[in-house]
Amino acid sequence: MNLYDLTIHELKDKLNKGETTVAEIRKAFADRIAAVEDKVKSYLTLTDDLAAKNAAKYEEKKDELLAGIPIAIKDNISTEAIKTSCASKVLENYKPPFNSTVVDKLDAAGALIIGKTNMDEFAMGSSTENSAFFNTNNPWNLNHAPGGSSGGSAAAVAAGECAAALGSDTGGSIRQPASYCGVVGLKLTYGMVSRYGLVAFASSLDQIGPITKDVEDCAIMTNVITGYDEKDSTSVADKAEDYRKYLKEDVSGMKIGIPEEYFNLDFDQEVKDSVLAAVKELEKAGAEVETVHITDAAYALAAYYIIGPAEASSNLARYDGVRYGLRSEEADDVRSMFFNTRSEGFGDEVKRRIVIGTYALSSGYYDAYYLKAQKVRTLIKDDFDRIFNDFDLIVTPTAPTTAIELGTKSDPLEMYYTDIFTVPINIAGVPAMSIPCGFDSNNMPIGLQLIGPHFGEGKIIQAAYTLEKILDLKDKRAEL
Amino acid sequence: MSTKYETVIGLEVHVQLSTKSKIFCGCSTEFGKAPNINTCPVCLGLPGSLPVLNKKVVDYAMLAGMALSCDIAEYSKFDRKNYFYPDLAKAYQISQFDLPIAENGNIEIETDNGIFNIGVTRVHLEEDAGKLVHEGSIDKSEASLVDYNRSGVPLIEIVSEPDIRTPAQAKAYLTELKLILEYLEISDCNMEEGSLRCDANVSLRPEGQKEFGTKAELKNMNSFSAVEKGLEYEVKRQQKLLDEGQVVVQETRTWDEDLNKTISMRGKEEAHDYRYFPDPDLLPLEINQSWKKEIRERLPELPREKYKRFISEFSLPAYDAGVITGNREMAEFFETVLKDYNDPKNISNWMMGEFLRLLNENNEGPYDSGVSPENLSKMLKMIDEDVISGKIAKKVFEIMYESGKDPEKIVEEEGLKQISDEDELESLVDQIIAANPDAVEDIKNGKDRAIGFLVGQIMKETRGKANPGLVNQMLRDKLMD
Ligand SMILES: [Zn+2]
């Protein structure tokens, strides 16, 4: 295997044994990017300078979890003095004067930050086609989308353009692209990862999380990025653990719920079969599998498409051309500066959600939309809590299909539906992981979603690790 | 016959809290810094920045709520008020919408027409916005500049019930509110620096009618007298409209200090839909009993209580009690002097007299002057012990005010000690008697007033140092028996 195909822990092993050096690793990934980036187009910005800076500090940091490991970062996560555009024209040349907390944590862990990845503009989308700059292509089939919104991060991991990456997940934006690209993606319990420096889309739903080649790497990355941050009032204290202790092949006695209402939805049969086959494997390994009943996911989707846009309409109001980012040339007073900057700076999907959100919060509509959605949110949360009283985990597909072909979904509502399995998790604030469970007849990866209770990341990692060993798919790589 | 109208006024007062750092970040709140010095990613609203509540701000708001006899919320929250304006860094202001930190209070005020209780609807927390700066006037300036130093400075908004009936009451309400906040030491309450701002809602209704008339909202009143004048103008304006059978339009009007009138802002300020919703970046504010208790224990005696106590306990005239408690430092000064010197009336006389005169002349507060409470009580004791006369004391006081010196030292240095030694005065008394035969004759003829003349002569000779009582007695002994 090539260095760029290796996982974090494999690279660390080689470094520890002296079988390779940080310089070699850096070069291997730089060469890989040079070789395949034209095809995949994962990155908006490459940051080899930053990687070189940290590589130089390798000796003093070599005991750290990510010392010498090339990591890619989604472009909505602030990096000091490095463009953080959120794939939007409105922030095209914006360079933050500060690092997000996760980037500081990666830094402290010795990671080599090698680039900022493409995404749907402001993380609004499910295919990365809403990037204001270009599409990213799925490494398994370049005519397909990598998913979204963290499509660049998932594609970069799958293509060997980084060892692992950070994404952000508001309604599935880590898990769905991980599923489409055949890699592992974890959305943590809300509050586990500091949002300081994450450019807000929907503050009550957004979480940063890892996208990795295997479950062990996911545990390592989770160790690095979790923890209380006094700069984020919604971050939780005293919950982070050493997740590596859950890297055990053992699901005996674990109670896994299969939500009937989700599996009864109309979705790809190959996906359904593959997920259920994997569940069978878990059962064979000693898990107790039972059908559970859950609120119709359509309600979660409806609530999500009120709450998300409502918060977004407020979060994105600051892009007005006054302080940073784009300022329209076509302006002769404050009003036209605001108006034209926002008209020119935002893409259609972002505008659509700002309009929806503004409407939902407007006087006279607030109760019918925003307040109702919040009530639905409480019910969904209660529903998950109820199930987790009796179950350790819930299993669903990550997405209704494998990766869609680029340019085939033009109806926004149809696109929203691809989030049907992932959105309820953000609404409930619980953690969930997507791991590869098979391939469809077109050799496109299929993702299985493991959902856990609040702070149940450990259980998820343990079940995922067990399943990964059984299915033995983790060394399968896209050919480019 | 024209209808008699009743005026209905409600005030919304914004007060900057004097915490060292801003409400949601660690930036300094210091006034007068170079533009955009006191800023960071949070108060500039940079993408990805997040607010973290400064607990001290909550303490201050609780103090205010308690001092205004409000109920303090056990569960409160922050909401976003969304609107676009260049000085608003995030294009929303973090404020409190439906669950303010304090509600249902009142303020007792006193005017020439009596004592009134004005309800306080609510006290809520919010962040201030930045400030637009223009070169020259706003119309002629090439561009607008923005200074975000003020962005994120903590504010409380205090909303009154529509209980105020006259502009004079409005002024009294503001005065009392400002005084309470000064007693709490939670705000500078400086209207010129904008740390206290007041908007008013004004309407008229026929006397006896329950429903409110149509109100106008009055802004830009930058001093207490502007509030009073603005309201007076507005009441007259509405009265005239109603008398002429016209209607009052609901609108925002701005007080123009130069033109001495209110001007409609229609068209300039459209009706806003602020789309309030709970700020997802901040946790709800839960205030438990022990926190409340801790703050309640910090609550000082408030001006009205102190005022009443000064009258009942010290028998001070209401006016004097009002003046002394009408300034937190004066009241504190008074009570510090009282610790060493137990004659409140005498202290009050001195503070109301010489002290206040000099403070007003120099436009200073008591602690800016050279007079310390310890030295004032020392000086008052010296008068009581006949070390100096009351007249000499005025001179000592003036020197003390300028120099900050100990009164004993001043008396010694200036040779102002009272002459209370009969032997020392004997020859002078004889001299004066000899030099004023007419007066002596008058005294012998029973004209008592002439003694005062002789005392005056001796005081003049001793440059006020002779003990006047003693001199008086000596003259009587010598001339009348
Ligand atoms: Zn700041």
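The structure displayed is predicted, hence computed values, not measured ones.

## Notes on the UniProt feature "domain: Amidase" (unreviewed entry) in chain A
1) Next: Here the UniProt feature "domain: Amidase" (unreviewed entry) sits at residues 27-459 of chain A.
2) Next: Annotation note: span residues 27-459 of chain A, helix share 38%, strand share 14%, distance between end C-alpha atoms 37 Å.

## Considerations on the pattern of salt bridges
1) Next: Enumeration over the complete set of coordinates arrives at 62 salt bridges over all chains.
2) Next: For lysine 219 of chain B, the salt bridge goes to glutamate 217 of chain B, with nearest N and O atoms at 3.6 Å.
3) Next: A residue is classified by how much of its surface remains accessible, and lysine 219 of chain B, at 21% relative accessible area, is partly exposed.
4) Next: The shortest N-O distance in the salt bridge between arginine 357 of chain B and glutamate 354 of chain B comes to 2.9 Å. You can see arginine 357 of chain B and its partner glutamate 354 of chain B sitting in helix α8 (residues 344-362), 3 residues apart, about one turn around the helix.
5) Next: Accessibility expressed as a relative area gives 34% for arginine 357 of chain B, which makes it partly exposed.
6) Next: With a relative accessible area of 14%, glutamate 354 of chain B lands in the buried category.
7) Next: Connected through shared salt-bridge partners, Arg195 and Asp232 of chain A together with Arg80, Asp279 and Asp281 of chain B make up one network.

## Remarks on a nonpolar patch on the surface
1) Next: Together, Tyr359, Tyr365 and Tyr369 of chain A make up a nonpolar patch on the protein surface, roughly 280 Å² of accessible area in all.
2) Next: Structurally, tyrosine 369 of chain A is set in helix α14 (residues 367-390).

## Some remarks on the coordination of the zinc ion
Residue and element names in this part refer to chain B.
1) Next: Looking at the zinc ion, the protein donor atoms are Cys25 (SG), Cys27 (SG), Cys40 (SG) and Cys43 (SG), and they sit 2.3 to 2.4 Å from it.
2) Next: Classification of the site at the zinc ion as tetrahedral follows from its 4 donor atoms and the range of 100 to 116° in their angles at the metal.
3) Next: Residue classification places cysteine 25 among the buried residues on the basis of a relative accessible area of 14%.

## Quick word on helix α5 (residues 303-314) of chain B
Residue and element names in this part refer to chain B.
1) Next: Between its first and last C-alpha, α5 extends 15 Å over 12 residues, near the 16 Å set by a 1.5 Å rise per residue.
2) Next: Among all positions of α5, only Pro303, Arg304, Lys306, Tyr307, Phe310 and Phe314 are buried.
3) Next: In this structure, the buried side of α5 is in contact with β6 (102-111), β7 (114-127), α2 (167-184), α6 (318-325), α7 (328-340) and α8.
4) Next: Two residues or fewer after α5 comes serine 315, characterised by a positive phi angle close to 55°.

## Topic: the side chain of arginine 175 of chain A
Residues and elements named next belong to chain A.
1) Next: Relative to the helices and strands, arginine 175 resides in helix α7 (residues 175-181).
2) Next: Residue arginine 175 is classed as buried on the basis of its relative accessible area, which comes to 0%.
3) Next: If sequence neighbours within four positions are ignored, arginine 175 has contacts with Asp169, Gly185, Lys187, Thr398, Thr422, Ile425, Asn426, Ala432, Met433, Ser434 and Gln449.

## A look at the domain arrangement of chain B
1) Next: In terms of domain boundaries, chain B breaks down into domain 1 (5-293), domain 2 (301-414) and domain 3 (422-479).
2) Next: On a C-alpha basis, the centroid separation for the pair domain 1 of chain B and domain 3 of chain B is 67 Å.

## Concerning the interface of chain B and chain A
1) Next: Taken together, the contacts link 32 residues of chain B with 38 residues of chain A.
2) Next: Both sides of the chain B and chain A interface together cover about 2700 Å² of buried area, and 60% of this is carbon and sulfur.
3) Next: In this structure, the connection of chain B to chain A is made through 1 salt bridge.
4) Next: Among the ionic pairs, arginine 195 of chain A bridges to aspartate 281 of chain B, the shortest N-O distance being 3.1 Å.
5) Next: Elements supplying a minimum of two residues to the side of chain B that touches chain A: β4 (79-82) and β15 (277-278) of chain B.
6) Next: Among the residues making up the side of chain B that touches chain A, the classes are represented as 23 nonpolar, 4 polar and 5 charged.

Conventions and cut-offs
Residues numbered from 1 in each chain as written. Chains lettered and ligands numbered in written order. Predicted model: local features only at pLDDT ≥ 70, side-chain atom pairs only at ≥ 80, totals over all residues. Heavy atoms only, no water. UniProt positions renumbered as here; feature names shortened; annotations may be inferred. Helix = DSSP H or I, 4+ residues; strand = E, 2+ residues; numbered from the N terminus. Salt bridge = Lys/Arg side-chain N within 4 Å of Asp/Glu carboxyl O. Buried < 20%, exposed > 50% of the residue type's maximum accessible area, 1.4 Å probe, protein only. Patch = residues over 30% accessible without salt bridge, like charges linked within 9 Å, V, L, I, M, F, W, Y side chains within 5 Å. Areas by Shrake-Rupley, 256 points an atom, 1.4 Å probe, with all protein chains shown as cover. Donors = N, O, S within 2.8 Å, 3.2 Å for Na, K, Ca; no water. Tetrahedral: all angles 85-135°; square planar, octahedral: opposite > 155°, others 65-115°. Expected span 1.5 Å × (residues − 1). Contact = heavy atoms within 4.5 Å. Domains from an automatic or database assignment. Buried area = accessible area lost by both parts, 1.4 Å probe. Nonpolar A, V, L, I, M, F, W, Y, C, P; charged D, E, K, R; others polar.

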